[in-house]
Amino acid sequence: MLWAEAAAGSPDAMLRLAAASVADDDEHGASALVLRACASAHWSASVLDQGVALLARAGWWRAVVDVAGDRWDRAEHGPHAGTGLMAALLQLREIDRAEQVLHELAMLAASDLELGAAWQSELRRQEFELDGLRVTRDVALSFTVKLDRFVDSVLPTPLWRPQHLELPLADGPRIGVVPWAFEEDRPENRDIARGLALWVSANLRVGTDADATCHVLSNLRGPVADLHVRHTHDLMLDLTGLAGQPAFLVGGAVLGRGSSLTLDVDVWRPEGRHVRFQQHLGDRPGAGFAAVLRRLASVCGADPRPDAPPPSSARVVARLVPAYSDALPVVLAGIGSLRPELVDRRRDRLDRMLDLVGDFPDEPEPRMLLLGLLQRMEAAGSPIPREYLLRVAALPALPYRVPLLEQLVRPQEDQ
C-alpha cells in the first residue's frame, strides 16, 4: 500500500519511505525520496520542513544541502528548514554559504518579531558557531606578536560619528584620550577600561568646546582589538602623535573588583605637569563615570556647549560605557585597523544596543551609538543593517529635538 501511495505521488508516503531508508542507513535512497516528496508537494513549507528534519536527524548534512540548498526561500518556507540548512552548512564548513543563509534567517526574524523564542535561541547558537568557524579559518595559526602588526589608530570622535555628520566647531582645548589600563588578573574590567576612553572622548567632543580625540593601539591580525597598558607620558605622546602640540593627555587605570572599583585618572597638561585624581565607582558606577567626565572638563578647561544634547543619566551611563567598548571592533574594522572577518557577535551587539534604547527611550546617546554603528556597517557593505531597519523605524520619538540625532536619522529616511 505504501509503495502504491508513493507511486501515485503521495508526499506523505514518500516521506515515510524516506524514513524507512534512514532506518536502513540508505542515505542515497532517503535523499532521493525526500526530493521526490518535495517536488510532488510543489516544495511546500511543511513537506520541506519534514524532509530536512528527517535528513538532519540522521546527520546526513550533504543530503540536506542537496535538498534545500537551492530551494529554501525565507518568505515561502519559514525558519525551520532554513535552520536545518544552516546547521548542515556549518557541519560542512561552508562558511560563506552559511553566512548568506544566516542573513536570510535574520531578515525573517526582523519581519516577524513574534517568532518563537526557541527558534531565536537556535539562530543565535548557529551564529555563534559560525563566528567560531570564521575566526578559525581567518586567524593565522601563529599568534607570535610582531610589532609591524600593531598600528596607532585615531578613532572617529564620537565613536558613533559617520563621515557625513557635521559636529559643531571645536575651538576649546586639545585633548587626547587613550584607553585606561586594567589589572592583568581582572579581565572583567576590560570593558570599562576600553569603553571609558571612548565614552569620555565622545562626551567631551559633543558636550564641551574641547577638540577631543581617542587613540588606541590596534592589532591588525586580531582577534585582540587593543592593548591596555598604563600609559606613561612618553607612551601617550607616541600613541596620540601630539608631541610638541599644546594638548592635554588623558588616561589612567581601573583598579579593584566589583563594587570596590576605583578609577585612577592621569592628566598631563600641555606644559608637561602631571595631575592625578581618583574616583570610586561603588554600586553606582554611572554616577562615578559622570563625575570623572566633569572633573576632566574642569582640569582641562573645557567649557560646556549650550547646544549640546542633554547629558545621559547615571543609569544609562553605567550601561553605555561597556556598550561603547562593544562597538569598538566594528569601528576598527571600518577604518582598516582590524580585519572585518574577526569582528564577533555582530547581531548580539546590535540587539543589546536596541535593548538599551528600549530601556531608556528618552535618552539620545544610546540611539546615536546604535544609528552610527548601523551606518558604519552599511558603508562597509554589510547586509546586517537591513535586518534592523524595521526595528529602528519603530522606535518612539524623543520628547525634544536633538540636531545631531536628526542628522543621523536623515540618511535612513532618504532610503
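Rules and cut-offs
Residues numbered from 1 in each chain as written. Predicted model: local features only at pLDDT ≥ 70, side-chain atom pairs only at ≥ 80, totals over all residues. Heavy atoms only, no water. Buried < 20%, exposed > 50% of the residue type's maximum accessible area, 1.4 Å probe, protein only. Helix = DSSP H or I, 4+ residues; strand = E, 2+ residues; numbered from the N terminus. Contact = heavy atoms within 4.5 Å. Salt bridge = Lys/Arg side-chain N within 4 Å of Asp/Glu carboxyl O. Expected span 1.5 Å × (residues − 1). Polar contact = N/O pair within 3.5 Å; in protein donor to acceptor, adjacent residues only side chain to side chain. pLDDT = per-residue confidence, 0-100. Pairing = 2+ DSSP bridges. Axes fitted to C-alpha atoms, helices over the stretch in contact; angles between N-to-C directions. Parallel < 35°, antiparallel > 145°, perpendicular 65-115°, else oblique. Nonpolar A, V, L, I, M, F, W, Y, C, P; charged D, E, K, R; others polar.

K.L.:
Mind showing me how you'd approach helix α5 (residues 61-68) here?
P.N.:
For an α-helix, 3.6 residues make a turn, and residues three or four places apart therefore share a direction. Every buried residue belonging to α5 is among Ala63, Val64, Val65, Val67 and Ala68, and all of these are buried. Where α5 is buried, its residues meet α3 (27-40), α4 (45-57), α7 (79-91) and α8 (95-111).

K.L.:
Looking at this structure, I do not really get unusual backbone geometry. What am I missing?
P.N.:
Working note: non-glycine residues mostly have negative phi, and peptide bonds are mostly trans. The amide bond that connects Thr157 to the next residue, Pro158, takes the cis arrangement and shows omega of 0°. On the secondary structure map, Pro158 appears in the loop between β1 (150-154) and β2 (174-177). One non-glycine residue, Trp43, lies in the positive phi region at around 55°. Here Trp43 lies in the loop between α3 and α4. A positive phi angle, near 60°, is found at Arg93, a position not held by glycine. Following the sequence through the fold, Arg93 ends up in the loop between α7 and α8.

K.L.:
How should the pattern of salt bridges be read in this particular structure?
P.N.:
Close approach of charged atoms allows side chains with opposite charge to pair. Applying the stated criterion across every chain, the model contains 25 salt bridges. For the salt bridge of Asp326 with Arg349, the shortest nitrogen-to-oxygen distance reads 3.7 Å. Of this pair, Asp326 sits in helix α13 (residues 314-334) while Arg349 sits in helix α14 (residues 346-359), and the two are 23 residues apart along the sequence. Like Asp326, the residue Arg349 is buried in the burial classification. One network of salt bridges, in which partners are shared, links Arg124, Glu127, Arg347, Asp348, Asp351, Glu387 and Arg391.

K.L.:
Please clarify how helix α10 (residues 190-207) should be interpreted in this entry.
P.N.:
The end-to-end C-alpha separation of α10 is 25 Å, in line with the 26 Å expected for 18 residues at 1.5 Å each. Among the 18 residues in α10, 15 count as buried, and that is most of the element.

K.L.:
Looking at this model, I keep getting lost on the environment of Asp264. Mind explaining?
P.N.:
Topologically, Asp264 is positioned in strand β6 (residues 262-268). When its relative accessible area of 6% is taken as the criterion, Asp264 is described as buried. For the pair Asp264 and Phe277, spaced 13 residues apart in the sequence, the C-alpha separation amounts to 6.2 Å. Look past the residues within four positions of Asp264 in its chain and what remains in contact with it is Trp180, Arg230, Gly251, Gly252, Ala253, Leu255, Arg276, Phe277 and Gln278.

K.L.:
Would you take a moment to explain the side chain of Ser153 for this structure?
P.N.:
For Ser153, the location among the structural elements is in strand β1. A polar contact of 2.8 Å, which involves the side chain of Ser153, links it to the side chain of Ser218. With residues up to four places along the chain from it excluded, the contact list for Ser153 reads Cys214, His215, Val216, Ser218, Leu332, Ile335 and Ser337.

K.L.:
How do you make sense of the confidence of the model for the protein chain when you look at a structure like this?
P.N.:
Detailed reading of the predicted coordinates is not advisable wherever pLDDT is low. Within the protein chain, residue pLDDT values average 87, and 90% of them lie at 70 or more. β2 holds the highest mean pLDDT among the elements of the protein chain, 97, whereas helix α1 (residues 2-7) holds the lowest, 46. Predicted confidence for residues 1-8 stays below pLDDT 50, and this span has eleven contacts to residues more than four positions away or in other chains. Note on residues 141-145: pLDDT under 50 across the span, and four contacts to partners over four residues away in sequence or across chains.

K.L.:
Explanation requested: the pairing of strand β4 (residues 211-219) in the structure shown.
P.N.:
Taken residue by residue, a regular strand's side chains alternate between the two faces of the sheet. For β4, the tally of buried residues reaches seven of nine residues, placing the bulk of the element in the interior. Taken together, the five bridges between β1 and β4 define a ladder with antiparallel strand orientation. Bridge pairing in β4 places Phe150 opposite Asn219. Pairing between β2 and β4: four bridges, direction parallel. The residue bridging Gly176 from the neighbouring strand is Thr213, located in β4.

K.L.:
Explain the environment of Phe360 here, please?
P.N.:
With respect to the helices and strands, the residue Phe360 is situated in the loop between α14 and α15 (364-379). In this structure the C-alpha to C-alpha distance between Phe360 and Val316, which are 44 residues apart in sequence, comes to 7.1 Å. Apart from the residues lying within four places of it in its own chain, the contact partners of Phe360 are Arg315, Val316 and Arg319.

K.L.:
In this structure, what is going on with the packing of α13 against α15? I would like to understand it.
P.N.:
Each pair of packed helices gets described by two things: the angle between the helix axes and the distance between those axes. Their axes nearest at 11 Å, the elements α13 and α15 cross at an angle of 10°. Accordingly, the angle class assigned to the pair α13 and α15 is roughly parallel. Facing Val316, Leu320, Ala323, Tyr324, Ala327, Val330 and Val331 of α13, the residues of α15 in contact are Glu365, Pro366, Leu369, Leu373, Arg376 and Met377. Residue composition of the contact of α13 with α15, by class: eleven nonpolar, no polar and two charged.

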